Amino acid sequence: MRGYFSDVVGLEPGTEYIFYHPRFFPGYFWIFPMAGGWVNAGYGMAEKYRKKSGVPLNVLFERFRQEHPVVREMMARAKPESDLGGGMVPFSAKKQRWAGDGWLLTGDAASLVDPVSGDGILYAVRSGLQAGLAVRNGRQHEYSGRLEELFWGRMKNQRKVMYLVTRMPGIISLASLLGRYPWFRRALMKGIW
Ligand SMILES: Cc1cc2nc3c(=O)[nH]c(=O)nc-3n(C[C@H](O)[C@H](O)[C@H](O)COP(=O)(O)OP(=O)(O)OC[C@H]3O[C@@H](n4cnc5c(N)ncnc54)[C@H](O)[C@@H]3O)c2cc1C
């Protein structure tokens, strides 16, 4: 679930912010600075855990915003520029058929969303490109294999990371401490984000 806001303070150019909070875990709050001084701010949680909490996502968004000390400060005078809106994001969960007689699946329809970061745009664009090439070249039969080759190894790896982090949230605190070292940040960005 996300909304657009102006007047958010403490933003550093070129930095995207991801926040965790023990009371709102597993889930995360993000603040993505945009051109023109607005931000895209949102909160997401796997539906399985959201259901267990019994609280609607828009309420969790507001609570997180109030209870996380850094988010509270950054958004203390934030002005909403849109309603909160959202949707389901189909995390890559298991191997599936991506193509059949007369059809090819891409993006969300193919569940190509990174289970750790929730990133789906990159995979939607890249799978769309592959689908276009397959059709143009009359090679639809190779499409599933191509997706497997391009994305499956990474999705499988990310699912393992998610599994581990959900069971041992202390890993996030450890990663935050190690985050002061550039070599660790580089490794994390390359390996996970
Ligand atoms: C709140 C939220 C935040 C997100 N944040 C990020 C992020 O920060 N980074 C990131 O990488 N990903 C993010 N995602 C995930 C990302 O938005 C999706 O994975 C990505 O947009 C999938 O692209 P797509 O083309 O497969 O589907 P979509 O972007 O959903 O596009 C499908 C299009 O098809 C149209 N459509 C549907 N049915 C029909 C029909 N019958 N006829 C014609 N048109 C139809 C829809 O209107 C839509 O425009 C986020 C998702 C949500 C919900």
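About the cut-offs
Residues numbered from 1 in each chain as written. Predicted model: local features only at pLDDT ≥ 70, side-chain atom pairs only at ≥ 80, totals over all residues. Helix = DSSP H or I, 4+ residues; strand = E, 2+ residues; numbered from the N terminus. Buried ≥ 20, exposed ≤ 12 C-beta atoms within 10 Å, placed from the backbone. Contact = placed C-beta atoms within 7 Å. Near = placed C-beta within 6 Å. Nonpolar A, V, L, I, M, F, W, Y, C, P; charged D, E, K, R; others polar. Domains from an automatic or database assignment. Pairing = 2+ DSSP bridges. Axes fitted to C-alpha atoms, helices over the stretch in contact; angles between N-to-C directions.

Q: How do you make sense of the overall build of the protein when you look at a structure like this?
A: Across its full length, the protein holds seven helices and seven strands. Reading the protein from its N terminus to its C terminus gives the helix and strand order β-β-β-β-α-α-α-β-β-β-α-α-α-α. Across its three principal directions, the C-alpha atoms of the protein cover 55 × 35 × 35 Å. Taking all 193 residues of the protein together, the buried fraction comes to 21%. Counted over contacts in the protein with a minimum sequence separation of 6, partners at least 24 positions apart contribute 53%.

Q: Whenever I open this one, the site of the ligand confuses me. Can you help?
A: Of all residues adjacent to the ligand, which total 16 residues, the nearest are Gly87, Gly107, Gly120, Ile121 and Ala124. Among the elements that line the shell around the ligand, the one with the most residues is helix α4 (residues 121-136), at three residues. Of the residues in the shell around the ligand, the class split is seven nonpolar, six polar and three charged. Residue contributions to the shell around the ligand reach at least three from each of two domains, namely domain 1 (2-88) and domain 2 (90-193).

Q: Teacher, can you tell me more about the pairing of strand β1 (residues 2-6) here?
A: Relative to strand β4 (residues 39-45), β1 runs antiparallel, the two sharing four bridges. Bridge assignment links Gly3 to a residue of β4, and that residue is Ala41. Judged from the two bridges that link them, β1 and strand β5 (residues 79-80) form a sheet pairing that is antiparallel. Residue pairing across strands places Ser6 opposite Lys79, the latter belonging to β5.

Q: Please clarify how the pairing of β4 should be interpreted in this entry.
A: Within a regular strand, the side chains alternate between the two sheet faces. For β4, a buried count of five out of seven residues is recorded, marking the element as mostly surrounded by other parts of the structure. In this antiparallel pair of consecutive strands, strand β3 (residues 27-33) and β4, the connection spans five residues, and Gly36 shows a positive phi of 90 degrees.

Q: Looking at this model, I keep getting lost on the sheet that holds β1. Mind explaining?
A: Strand-to-strand pairing in sheets goes through backbone hydrogen bonds, with the strands running parallel or antiparallel. The strand order β2-β3-β4-β1-β5 describes an open sheet built from five strands, whose pairing is antiparallel. Two strands lie at the open edges of the sheet, namely β2 (17-19) and β5, each paired on one side alone. Direction of pairing for β2 relative to β3: antiparallel, over a ladder of three bridges. Residue pairing in the sheet places Phe19 in a bridge with Phe29 of β3. Strands β3 and β4 of the sheet are contacted by helix α2 (residues 57-67), whose axis makes an angle of about 115 degrees with β4.

Q: Is there a simple way to think about the domain arrangement of the protein in this case?
A: Here the protein is partitioned into domain 1 (2-88) and domain 2 (90-193). Here domain 1 and domain 2 have C-alpha centroids that lie 23 Å from each other. With five residues of domain 1 at the contact, the number on the domain 2 side is five residues. Residue composition of the side of domain 1 that touches domain 2, by class: four nonpolar, one polar and no charged.

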